[in-house]
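Now for the letters of each chain:
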Amino acid sequence: MRVEKFFTTEEQERIQQAVIAAEKNTSGETVPMILSASGRYAEIELSGLVVGLVLGTLAAFLWHDPWGSVQIYLFWPVVGAILGFVICSVPSLKRRMISKDRIADAVQARSLAAFTGHGLHYTKAHTGILVFASLLEHRVVVLADRGINEKVEAGTWNEIVNMITESLKSGNGCDGFCKAIERCGEILAQHFPRSADDRDELPNKLVTEQ
């Protein structure tokens, strides 16, 4: 499923309205984001292709017909390579073949790139916060700008991470995002109440990327 179709149009609207409601009482700017994967991990498919090629070649040696054609002899390595590539492209299997450190590095790098790429570091009081979910890796990250980090205790956002992670596991991702955004608004309102001249500095819609 393409990531822009992960949530229905109605669910995306609910998430957008949750952001608008959360920002009514705070100058903080919340940006929800979901993407299909934080990295390409092409080395996994390449490894599958090589392993499949080797196993196919071995099969050709073990079960070859001395009187058979060259095309038949080459059949098994080609099939093995294709199968190895396809199997390692299946998301649920691919994820299990990627090391935890590789996943952590990819998600961290992609979330930081998203934070700057979508201008969260440009808010007037540095009160932007990114709520980021990467589907392939089953990872959720909350990144807050320095204005927030100066006042909010470390570990505060673990609650938000767990809330979204559990909702995605249970198939209620939209509810999880909406509740998490609401909770972000409550936390930010304690430290950054909305002023009379506050203006909306960032888009409120759900950001989707492949």
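Residues numbered from 1 in each chain as written. Predicted model: local features only at pLDDT ≥ 70, side-chain atom pairs only at ≥ 80, totals over all residues. Heavy atoms only, no water.

Student: I tried to follow the nonpolar core on my own but got confused; where do I start?
Tutor: Core analysis: the biggest nonpolar cluster contains 29 residues, and Ile15, Ile129, Ile148, Trp157 and Phe177 have the highest contact counts within it. At the level of elements, α1 (9-22), β2 (128-134), β3 (139-144), α7 (158-169) and α8 (173-191) are the ones that each hand at least two residues to this core. Beyond its immediate stretch of four places on either side in the chain, Ile15 contacts Phe7, Pro32, Cys174, Phe177, Cys178, Ile181 and Leu206. Among the nonpolar cores identified, the runner-up in size contains 21 residues, and Leu35, Ile103, Phe115 and Leu120 belong to it. (Core = buried A, V, L, I, M, F, W, Y, C linked by side-chain atoms within 4.5 Å. Buried < 20%, exposed > 50% of the residue type's maximum accessible area, 1.4 Å probe, protein only. Helix = DSSP H or I, 4+ residues; strand = E, 2+ residues; numbered from the N terminus. Contact = heavy atoms within 4.5 Å.)

Student: Got a minute to help me understand the sheet that holds β3 in this structure?
Tutor: Through backbone hydrogen bonds, the strands of a sheet pair up, either in parallel or in antiparallel fashion. The four strands are arranged β3-β2-β1-β4 in an open sheet whose pairing can be described as mixed. Edge positions in the sheet fall to β3 and β4 (207-209), since each of these pairs with one other strand and no more. Averaged over all pairs of adjacent strands, the angle between their axes in this sheet comes to 20 degrees, without regard to strand direction. With three bridges connecting them, strand β1 (residues 29-35) and β4 associate as parallel partners. By the bridge assignment for β4, Met33 is matched with Val207. Here helix α5 (residues 100-117) sits on the sheet and contacts β1, β2, β3 and β4; the angle it forms with β3, its principal contact strand, is near 40 degrees. (Pairing = 2+ DSSP bridges. Axes fitted to C-alpha atoms, helices over the stretch in contact; angles between N-to-C directions.)

Student: Just to check I follow, could you spell out the pairing of β3 for this structure?
Tutor: It is a general feature of regular strands that their side chains alternate between the two faces of the sheet. When you tally the buried positions in β3, you get five out of six residues, the bulk of the element. Pairing geometry for β2 and β3, over six bridges, is antiparallel. Looking at β3, one finds that Ala133 is bridged to Val140. Linking two consecutive strands that pair antiparallel, namely β2 and β3, is a turn of four residues; a positive phi of about 55 degrees is found at His138 within it.

Student: Would you explain α7 in this entry?
Tutor: Taking 1.5 Å of rise per residue, twelve residues should cover 16 Å, and α7 covers 16 Å from first to last C-alpha, within 8% of that figure. Among the residues making up α7, those that are buried are Ile160, Val161, Ile164, Thr165 and Ser167. Each buried residue of α7 sits inside an arc of 165 degrees when the element is viewed along its axis, so together they form one side. Here the buried face of α7 lies against β2, β3 and α8. (Expected span 1.5 Å × (residues − 1). Arc of directions from axis to C-beta.)

Student: I keep staring at a nonpolar patch on the surface and nothing clicks. Help me out?
Tutor: Together, Leu46, Leu49, Val50, Val54, Val78, Ile82, Phe85 and Val86 make up a nonpolar patch on the protein surface, roughly 680 Å² of accessible area in all. Among the elements of the structure, α2 (42-62) and α3 (70-87) are those that each provide at least two residues to the nonpolar patch. Position of Leu49 relative to the elements: it lies in helix α2. We classify Leu49 as partly exposed; its relative accessible area is 31%. (Patch = residues over 30% accessible without salt bridge, like charges linked within 9 Å, V, L, I, M, F, W, Y side chains within 5 Å. Areas by Shrake-Rupley, 256 points an atom, 1.4 Å probe, with all protein chains shown as cover. Salt bridge = Lys/Arg side-chain N within 4 Å of Asp/Glu carboxyl O.)

Student: Quick question: what am I supposed to make of the packing of aromatic side chains here?
Tutor: Pairs of aromatic rings are described using the distance from one ring centre to the other and the angle between the two planes. Here the structure, examined in full by the defined rule, presents three aromatic pairs. With 5.0 Å between their ring centres and 75 degrees between their planes, Phe6 and Phe7 make a pair best called edge-to-face. We classify Phe7 as buried; its relative accessible area is 4%. Measuring from centroid to centroid gives 5.8 Å for Phe7 and Phe177, while their planes differ by 80 degrees, and the two rings are edge-to-face. With Phe7 in the segment before α1 and Phe177 in helix α8, this pair connects stretches of sequence that are 170 residues apart. The buried category is assigned to Phe177, whose relative accessible area is 0%. Among the aromatic residues, those joined into a ring-pair cluster are Phe6, Phe7 and Phe177. (Phe/Tyr/Trp six-rings, centres within 6.5 Å; stacked < 30°, edge-to-face > 60°.)

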